Structures are given as C-alpha cells and as structure tokens.
There are 2 protein chains.
Amino acid sequence: MSSQKKIVIGLFGFGVVGEGIYKVLQKTPALQARIKKICIKDPSKKRDAPAELFTTDYNDLLEDEEINVIVELISNAKEAYTIVSTALIKNKSVVSANKKLIAAHLPRLIELQRKHNVSFLYEAAVCGSIPIIRNLEEYYDNDLLQSICGIVNGSTNYILTKIREENLDYQQALLQAQQRGFAEADPALDVEGKDAVNKLTILLAHAHGIITDPNEILHRGITQIQNTDAIIALEKNVQIKLIAQAKKLANNKIAAFVLPQFVTIESQLYNVRNEFNGVVIESSLSDKQFLYGKGAGRYPTSSAVLSDISALRYNYSYEYRKLNNPENRNELSTDFYLKIYVSFKAWSDIDLNDFDFTEEIYCQRGRQYLTGVIHYEKLKNADWLSDNNVSVIVCPDGIIENTDTVKLKSTSLQLPGVEVLV
Amino acid sequence: MSSQKKIVIGLFGFGVVGEGIYKVLQKTPALQARIKKICIKDPSKKRDAPAELFTTDYNDLLEDEEINVIVELISNAKEAYTIVSTALIKNKSVVSANKKLIAAHLPRLIELQRKHNVSFLYEAAVCGSIPIIRNLEEYYDNDLLQSICGIVNGSTNYILTKIREENLDYQQALLQAQQRGFAEADPALDVEGKDAVNKLTILLAHAHGIITDPNEILHRGITQIQNTDAIIALEKNVQIKLIAQAKKLANNKIAAFVLPQFVTIESQLYNVRNEFNGVVIESSLSDKQFLYGKGAGRYPTSSAVLSDISALRYNYSYEYRKLNNPENRNELSTDFYLKIYVSFKAWSDIDLNDFDFTEEIYCQRGRQYLTGVIHYEKLKNADWLSDNNVSVIVCPDGIIENTDTVKLKSTSLQLPGVEVLV
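Residues numbered from 1 in each chain as written. Chains lettered and ligands numbered in written order. Predicted model: local features only at pLDDT ≥ 70, side-chain atom pairs only at ≥ 80, totals over all residues. Heavy atoms only, no water.

### As for the interface of chain B and chain A
In this complex, chain B contributes 50 residues to the contact, which on the side of chain A involves 51 residues. Contact between chain B and chain A buries roughly 4300 Å² in total, counting both sides, with carbon and sulfur atoms accounting for 51%. Where chain B packs against chain A, one counts two salt bridges. Close ionic contact of Asp287 of chain A with Lys294 of chain B constitutes a salt bridge, the shortest N to O distance being 3.3 Å. At the boundary of chain B with chain A, the tally comes to eleven residue pairs in polar contact (both at pLDDT 80 or more). When strand β11 (residues 287-294) of chain A meets strand β11 (residues 287-294) of chain B, the two strands line up antiparallel, connected through three bridges. Residue Tyr292 of chain A lies in a different strand from β11 of chain B, and its bridge partner there is Phe290 of chain B. (Contact = heavy atoms within 4.5 Å. Buried area = accessible area lost by both parts, 1.4 Å probe. Salt bridge = Lys/Arg side-chain N within 4 Å of Asp/Glu carboxyl O. Polar contact = N/O pair within 3.5 Å; in protein donor to acceptor, adjacent residues only side chain to side chain. Pairing = 2+ DSSP bridges. Helix = DSSP H or I, 4+ residues; strand = E, 2+ residues; numbered from the N terminus.)

Listed below in structure tokens is the structure:
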C-alpha cells in the first residue's frame, strides 16, 4: 500500500465549485488536504471564508513552495493556461476542470507534467461526476475499445429534453435552461457543440492515444433543430440527442464527430434526460457498458475535483498508456460515410449532389427532409452544414464504412418534384 | 509515471474464462504478461493450448519463483482459498473472480496481502465487467456515499425478465435461463440470493469499510416469486428485481440486505434487462450515478480479470481506505424498518403480529397479499421468510428509519374477513 502525501492547495477561482471544494475540505480532515491561498479577480466581493485566504496576485500561489497542488477553476481558458503551465513548470501538480484549455493544449501539458514529474488531473472536465477518464485510463487500457458514444453536454441535453417533452421550440427551451441555471447567459460554447467536441478531444487522447485539434473534428450543435425535426423523431420513436462519438472502423482507424443523432429506445442513451450525461462504451470483451450521472453543476464538479485531489495523495497520474504505446495508438479516419437525416426550408438550401445515395425524400410546404448517405469529408466541408436553415441529424447506426454504398447511387430516389421545388 | 513490471502468470483453471484470458494475452504482447503454467484438474481433456503448459500439481505454479502473479479461476471456493492464501504467503500477487471465497475470507486475505506486500485484486467478482470495486476504491473514497443499490446477479435478472416479459412462471424461466447458459445446472447459489449477498459483502468492505459475514446479512432470492406477484407488479407499473442494497441511515450506520424489490420506472434499474447488471450509487456530491454492463460470461469476466492483470504491471493494490480510516468506517445497523409487500397462500403462512403497521390487505381465493412495515430484525428472524409459499418484496423507498411508524400501529388495517380466511 502506498504512502499518503499531505496536500497543500493553491486555489484559483472561488465560484460555486471553488467554494464547494473549500467547504468540503474543511469538513473532511481525513483527506489531509488544506487550502492555503485562494486567488480571485475581484477582491471587493463578499465571500464566506477568512479574508486572509484571498489574494489577487497569481504569484502568491505559484511562488509559494509549500503549495504542492494548484486547483484551477477559472473560466478564462487563456489565463487558465498561463496558470496551469506555470504551476507544472514550478513542479506543482494541477487539478483542472477546464475542458477548453485541456483540449487546446493537451500535448504541451502532457509534456510539462512528464518533464517535471508532476500530475495534471482533470476528471471534472468531461462528464462532471462520471469517472470516465479514470475508467478509460485504468480499466479499458487493455480491452479493445470499439466505440464511445456519449451525451457529454448537460445544457444541450436539457434543451433537447424540453423540446421533446414540453413541445417547446429551441429558443423557448434555451431560455428555460438559462432560467434554471442549466445554460450560460452566453450559451454559444454549449449549443454550437464546441464544448462537446472539446470533451471528445480529451476522450480520444485517453481512449485511443489520439491527439488532435478539436477544430479538426466535425462538430455541430443544436441551434438548428426545428420543431418539425422533433415531430419526426417522435413519429419514428427516437430521441434527438447531441452525441459525441468515436468508433473504431474495420481498418482500425477511428471515426469521430459531434452531431445531433437519432437515438433508438434500445440505446441506454435514450433515457438520459435533462442535465444528465451518459456514455456508452463498447469493447471487444466487456461488450456494452454504460456510465450515467450528472455532468455539471456545483456538487458533481466538486466531486470529480475532490477525487482528483484525493488521488494526488497517492501520487496518481494519468499514464496516457495508448499514447505512449505505438501499438495501441489509433488515428482518426476521414474516409467513411454517414447516413444522415437533413431537413431544410428549400431544396436550394442544400446540394443534393453531395450525397452518394438518397433513401428517403419527404416534401411538405415549408419544410422538406431527406435521408441519405454522404461522405464524412463532403459533409464536413459543405457550406450548408453551417446554415441554420439546415438541420443535420445522424441516423441510428449512421456510420457506414462500406464504400459499396457509393455503388448504390444509381438506385437513389430522384423525385421528379424535386426540381420543381428548388 | 510509474514503471511497468513484467507479469509472469500461473493460471488455475482453464474453463471458458481461463481460456479467454490465455487467448487474449497471446494476442496482446503490449500487456507484457505471459502465462507460464496452467493448473487443471483433468489432464485428459483436450485443450486448445500447448500440452507443456499444463500441470495437475499446484506446486508447479506456487513454488515457481519466476511466476509473480497467480490468476485463480476455479469454482471450488475451498480449494481456491488454499491456492490464494498460499500464493499471497509466497509473495505472489493474486487475481481472482471467486466472490464466495472473497466474501468468506476477506479479513485474512487483506491481512496476507499487507503482510507480504503483494496485491489481491478481484474486480471480476462483483458485476463482472462493471468496474465497480475500482470506482468505489478510487473515485468515491472521498465522497460521502449515501447508497448503493444494484442488480448484481445476472441469472436471477434473466429469470425475472422472462417472468415479466414472457409471462413464464419461475420454473419455466429458470429452465430457459439454464438452456441459454445464463444459469448453472445447480442454480441454488444464484436463485437463493447467496451469490448476491457475497457480492454485497465485498461492496460493503470497499464502500464503507465494513467487514461482515455474508450470513449475517438478511438475504433472500427469487425462488418464491409467484406469477400473481408478477401480475401485481405489472399493474403497479413496477419491475420485480433482486436488489443488493446498502443505504446510510440518519445515524450514519448502514442498512444492508438482498431482497426482491419493486423498482419504479424512475430508477435506472428498471431498464436493466436479462443477464445485465447495473448499480446506482448515490453520494452527497455526485448525486446519482449509474454503472451498467454485463455481469458475467466469458468475455465480460475476462475483461475484468485482464484489467486487474494490467493494473498489476503498475503495482496497483486496493487501499481499503475506509477500512483503514476509522473516521470513514461505518457499521451495519439492524435497527430500521422495511416496508414490504408479502404474498402468501393462507393467512396462517405468516404472522401478522410481526408487522408494526399494515397499509394494504388484499384477499382473493388462492392468494392474498399485504403491504406493511416490519422491523428488520423481525423479518430476518421470521420463520415464514424462508417459506416458499411466502413471497416478500420490498416496496419502493422501502427503508424506513423513523420509528414513529410504530405509533401508526393503531391505524393499521384490520379486516374483519382476515380472521375468517385463517
């Protein structure tokens, strides 16, 4: 059994999570962790902790040799990067929940923790209280992961649940999410899928040893979801969920993207409602596994941060085993097809020629949709993908590897009416 | 980052799991683990591995100094104990999936691994592929666990699913489970709840630092479940599930038992079907979490065993942090009440006086039931609990701490007809 280390913490940020951590640590002396100093922005705010704990000077924490752990809980990713990288260089271990920072700077941060022989832990950054990173690191490191498929953003899931269950339109649902504290005043990061793709980027590093720029991964959010889409989902008995996905193809490369997806009732993700998160992991041996819990919020985030702090007592660090082991490392594929549902106002909104195959075409005054097969690269580069008149939703089992589908092109539906509708 | 150790394995047992491990290790040289010797019972059986690997002599493995890890996968718990304890004494780490062995001998096995500074890992013993022990050890060690509530036995869950979904009676469903390989030829350990209570015993050690004899914990299986119970569950829109449960009471003690339970649709356990397992963990910070996956079978068990072998490369061992930390250690309570549904053939099958309060009484020719509140100890010691004419199912939120319920006694239903029916 390993020995325990005393943890002396320098805390950046005293928002809901920071304050939560402070309070729990006070109540659990068994953790042998104390907060020595807290760096904040605005010294005039009233705070429920002794005034002498607070400072506005980074260096009071970073230059303090007694402080051996920095807990970084500020929202600004740029400042967070300065803090985290400086702390690592100064041989302090770091716990962070800042997915944007991590996704953007992972290679450098891995390098720094190795060089300085310290730990950088960030369980709270992905799916809040769900211990997904730890499990990928520890438990699935030897098993052959086939796919990870998750609802990793609570705000968008809350909005999609409201659209489904209360017949709200996107704007009404967003407003309700904001009023209830499940969405930010500026929700762009969440609703445009950027938060989800940051998380997927982190998952790819741990699950497959893939380091990539989140911007390189096809991602879209939920801003374009229409009530007509919701009605069709109801008719088809599927749920629309924003899914971050990484699936191993037959060539051992990984297909990864963040897109809205039709989820059937057979999937455990079907029942993930409101602000909850859930991840289905498929592997050769353990088959299907599902992890479910709260993805954000004061206590779930505190819970993950505390687990990381606790792990530091035992000098725990991520091994990035797949990254370090060339045999297990995978790479991303851009050569696969997606079967998607696309709805739009007018046929001129999309380019039918982008599709290799159309299976279903439905026209009604005001809204049309089709389902069809499109190459990943074509979709990623399509102008119409970012058009808010166009809603793209991946069909169940929507990843298609077999290029034979291309041959099906000749059997595509070609409605005579389509021309007229353009 | 810690250094990796080369693993040389002595394997006991070459059944489906043993053979699975052998094959996977051959295919994954990256694991740096090889099987040097395999001890089997019957040397005449044809096996798909080189003959020189096999022996029938324990000592060929236990006395081999190069072998540093024993993987124990035999069914006989007595022999397994001899093997495991001898291996630990000989400074070899051990991986086992034998819940009966572990539940029965945990204190001694913890002592041995400490004394000899080796590891004893057994993730496969509880919920197969679901990494529940690792998560309780690593992730929830600092969070305040409120309750663990799980479907931990795949055979009984398969049978209950068939009773529910195909209107089979218990015997028919059992037969089908046996034919499909989801239940043993001798299903007693599973269907009588003994397997589940062994697993609960192991969970209690990791979740709450409680070491107890499994026989001390109230447990019953599913042999007594009647079709009439299944019909009532359907009417009430609940599922009957065999639940292993450990819940923290207001006095910080733990209520623990294994009993069939009515599970409402709000619970994640409602949708755990067939041979799958699922565990809901509630804690102060992370709120509700749910882990789901296959609880048994060749590959899920292999997956967990391989994770343990892989962890040994990094000298991983369970810390039993709650056991070692008196402040976090809890104890079992026997002083609480349960709200239960009880069905029976005749009123003489049970003793109404055992109940502090009856809420519902239903009589029909051939089968009657009541719902009522009973003290845990009364139920545990009731003769009628082991009567196969009597079916006991815990109601949703069935743990009642408040002894005020006793005062409600005077308001109990007292049907005049009850006397007549005796």
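Anyway, onward from the coordinates.
### Let's talk about the confidence of the model for chain A
All names here are of chain A. Averaged over chain A, the pLDDT score is 90; the fraction of residues at 70 or greater is 94%. The element-level mean pLDDT for chain A is lowest in helix α15 (residues 416-421), coming to 40, with strand β9 (residues 254-264) highest at 98. For this predicted complex, the interface score ipTM comes out at 0.81, while the overall pTM is 0.87. (pLDDT = per-residue confidence, 0-100.)

### Thoughts on the relation of the copies chain B and chain A
Superposition of chain B onto chain A requires a rotation of 180 degrees combined with a translation of 0.0 Å along the rotation axis, giving an RMSD of 0.0 Å. As the rotation angle and translation indicate, the two copies are arranged about a two-fold axis. Considering only C-alpha atoms, the part of chain B nearest the rotation axis is Leu291 of chain B, at 2.4 Å. In this assembly the copies share their binding face: 100% of the residues contributing to the interface of chain B also contribute to that of chain A. (Least-squares fit on C-alpha atoms with pLDDT ≥ 70 in both.)

### Observations concerning the packing of helix α6 (residues 154-166) of chain B against helix α7 (residues 170-179) of chain B
The relative placement of two packed helices is expressed as an angle between their axes plus a distance between the axes. Residues and elements named next belong to chain B. The interhelical angle for the contact between α6 and α7, taken along N-to-C directions, is 125 degrees, at an axis separation of 9 Å. Judged by the inter-axis angle, α6 sits oblique to α7. For α6 against α7, the interelement crossing comes out right-handed. Across the interface between the two elements, Tyr158, Ile159, Lys162, Ile163 and Glu166 of α6 pack against Tyr170, Ala173, Leu174, Gln176 and Ala177 of α7. The class makeup of the residues in the contact of α6 with α7 is seven nonpolar, one polar and two charged. (Axes fitted to C-alpha atoms, helices over the stretch in contact; angles between N-to-C directions. Parallel < 35°, antiparallel > 145°, perpendicular 65-115°, else oblique. Left-handed = near helix turned anticlockwise from the far one by under 90°. Nonpolar A, V, L, I, M, F, W, Y, C, P; charged D, E, K, R; others polar.)

### Quick notes on the pattern of salt bridges
Residue and element names in this part refer to chain B. Summed over all chains, the structure comprises 31 salt bridges over all chains. The salt bridge partner of Lys23 is Glu19, with a shortest N-O separation of 3.1 Å. Linking Lys23 with Glu19, this pair stays in helix α1 (residues 16-27), spanning four residues, or about one helical turn. Under the relative-accessibility criterion, Lys23 is labelled partly exposed at 30%. Assessed through its relative accessible area of 19%, Glu19 is described here as buried. (Buried < 20%, exposed > 50% of the residue type's maximum accessible area, 1.4 Å probe, protein only.)

### Regarding the sheet that holds strand β6 (residues 120-121) of chain B
Residues and elements named next belong to chain B. The parallel open sheet is built from six strands, whose spatial order is β3-β2-β1-β4-β5-β6. Edge strands, defined here as strands with exactly one partner in the open sheet, are β3 (54-55) and β6. With two bridges connecting them, strand β2 (residues 33-39) and β3 associate as parallel partners. When the sheet's bridge partners are listed, Cys39 is paired in β3 with Thr55. Sheet strands touched by α1: β1 (7-12) and β2. Its angle to β2, the strand with the most contacts, is close to 150 degrees.

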